[in-house]
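Okay, here's what each chain looks like letter by letter:
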Amino acid sequence: MDTKKRIIVIGSSNTDMVIKADYLPKPGETILGGSFIMNHGGKGANQAVAAARLGGDVTFICKVGNDLFGSDAVEMLHKEAIETAYISVADQQPSGVALINVDSNGENTIVVASGANSSLSMEDIGKAEAAMEQAYILMMQLEIPVETVTYAAKAAKRNGTIVVLNPAPAPVEKLPEELLKSVDILIPNVTEAEILSGITIDSDESARKAIHAITAQGIPTVILTMGAKGVLAFHEGNYIRVPAFKVEATDTTAAGDTFCGALCVALSEGQNLEDGIRFACKASSVSVTRMGAQQSMPVREEIRL
Ligand code: RIB
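These remarks concern the structure in this document. Here the residue numbering is sequential within each chain, running from 1 through the sequence in written order. Local features in this predicted model are restricted to residues of pLDDT 70 or higher, and side-chain atom pairs are both shown and tallied only at a pLDDT of 80 or more, whereas totals for entire chains, interfaces and linings draw on every residue. Side-chain calculation: all heavy atoms of the structure are included, whereas hydrogens and water are not.

The secondary structure listing takes helices from DSSP runs of H or I that are at least 4 residues long and strands from runs of E that are at least 2 residues long, numbered from the N terminus. Of the regular secondary structure elements, the chain holds 10 helices and 14 strands. Between the two quantities, the radius of gyration covers C-alpha atoms and the globule rule is 2.2 Å times the number of residues to the power 0.38. For a compact globule of 305 residues, the expected C-alpha radius of gyration is about 19 Å, and the chain comes in at 18 Å, within 12% of that figure. Taking the principal axes of the C-alpha coordinates as reference, the chain spans close to 50 × 45 × 40 Å. Three exposure classes are used, based on accessible area relative to the maximum for each residue type with a 1.4 Å probe and protein chains only: buried under 20%, partly exposed in between, and exposed over 50%. Expressed as a percentage of the 305 residues in the chain, the buried residues total 54%. Residue contacts are defined here by distance: any two heavy atoms, one from each residue, within 4.5 Å place the two residues in contact. For the chain, contacts bridging at least 24 residues in sequence account for 68% of all contacts bridging at least 6. In this description, accessible areas are obtained by the Shrake-Rupley approach with a 1.4 Å probe, and a residue is regarded as covered only by the protein chains that are shown. With the model as given, the accessible surface of the chain reaches about 13700 Å², and the carbon-plus-sulfur share is 52%. If the 25 positive side-chain charges of the chain are averaged to one point and the 37 negative ones to another, these points end up 5 Å apart. Asp and Glu are treated as the negative residues and Lys and Arg as the positive ones, with His and the ends of the chain left uncounted. Lys charges are placed at NZ, Arg charges at CZ, Asp charges at CG and Glu charges at CD.

This brings us to a nonpolar patch on the surface. A surface patch of nonpolar side chains, about 290 Å² in accessible area, is lined by Ile19, Phe36 and Met38. Structurally, Phe36 is set in strand E3 (residues 36-41). Exposure remark for Phe36: the relative accessible area of 48% places this residue in the partly exposed category. Patch rule: a residue counts if its relative accessible area is over 30% and it has no salt bridge; like charges are joined within 9 Å, and nonpolar side chains (Val, Leu, Ile, Met, Phe, Trp, Tyr) within 5 Å. Whenever a carboxyl oxygen of Asp or Glu lies within 4 Å of a side-chain nitrogen of Lys or Arg, that contact is scored as a salt bridge.

Further remarks concern unusual backbone geometry. In this model, Ala168 is joined to Pro169 through a cis peptide bond whose omega is -5 degrees. Within the element layout of this structure, Pro169 appears in the loop between strand E10 (162-165) and helix H6 (177-182). Phi at Ala81 takes a positive value of approximately 65 degrees, unusual for a residue other than glycine. Looking at the secondary structure, you find Ala81 in the loop between helix H2 (68-79) and strand E6 (88-90). You can call Ala81 exposed: its relative accessible area is 62%. Even without glycine at this site, Ala254 takes up a positive phi of about 70 degrees. Mapped onto the elements of the fold, Ala254 is located in the loop between strand E14 (238-242) and helix H9 (255-268).

This part is about the pattern of salt bridges. The final tally for this structure, using the stated rule, is 14 salt bridges. Salt-bridge contacts for Arg241 lead to Asp204; the nearest nitrogen and oxygen are separated by 3.1 Å. With Arg241 in strand E14 and Asp204 in helix H8 (residues 204-215), this residue pair connects regions lying 37 residues apart in the sequence. On the basis of relative accessible area, Arg241 is assigned to the partly exposed category, the value being 36%. For the salt bridge of Glu269 with Arg300, the shortest nitrogen-to-oxygen distance reads 2.8 Å. Pair noted here: Glu269 is in the loop between H9 and helix H10 (273-287) and Arg300 is in the segment after H10, with a separation of 31 residues, a long-range link. Taking relative accessible area as the criterion, Glu269 reaches 38% and is therefore assigned partly exposed. Arg300 sits in the partly exposed class, given a relative accessible area of 29%. When salt bridges that share partners are traced, they join Lys63, Asp124 and Lys127 into one network.

Quick look at the structure:
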């Protein structure tokens, strides 16, 4: 039987509490919003679900609390046919929670209480060594300790696994050099790329300069996601420009996560990077037309190019 190439996602799992309102409140302001939804989120779990729903063979490694939110999240991941054997449970911390406001243009603000995500450790990753050795791609973000991300990236690199990092949320401190050296593909949005490069992005030219500054830090491939402006990537000495699919945005939460998960699926199927980016753009364009994080993510039949 033909075994698909395995994708391992390491990262956060949260429960998202979302309120849709006309606009995002200013500091000190109380506003009356509209509908409320609670759904599964967390950048790591979102990327794992996006990949699994699009047909990827996914193992997800995270840490949840010993509570209802945690067990519910793991059950949901299991239903998505994601390998959950390496998910650990923290006794002393609650599961991660995110409070999200979404405005009438689909833009959001997010505050995360990391809880158990903040104690996903190198030891936890060590327990998944056998699975890590089998992985074709490792996908990570920054809602778990950076030491854990660095440890996993180095281990994956030694195994010849493709290491993909989505540097979200935007790092407040400089990322360790040994992490950057282990990353094959970096997927920042504009804010993250500005922080990592020190360059303000307000044009195609400045976007290229920022990408160049990031590749100079040792990362061979950079895929800059720019929302409605599409994607600009640098790969094997060439720039690739992929326009965004035009859609009416209801909620952009987890659009980036959908993109990352979808790209991993495309690469695990042997698609080239440009086709993979187009596939991922399509997937994230579908997700923004619906409310929520994991509940907004498309299945394969919806991605017709
Ligand atoms: O990227 C979107 C995600 O960020 C949300 O699901 C929320 O949980 C935060 O992790």
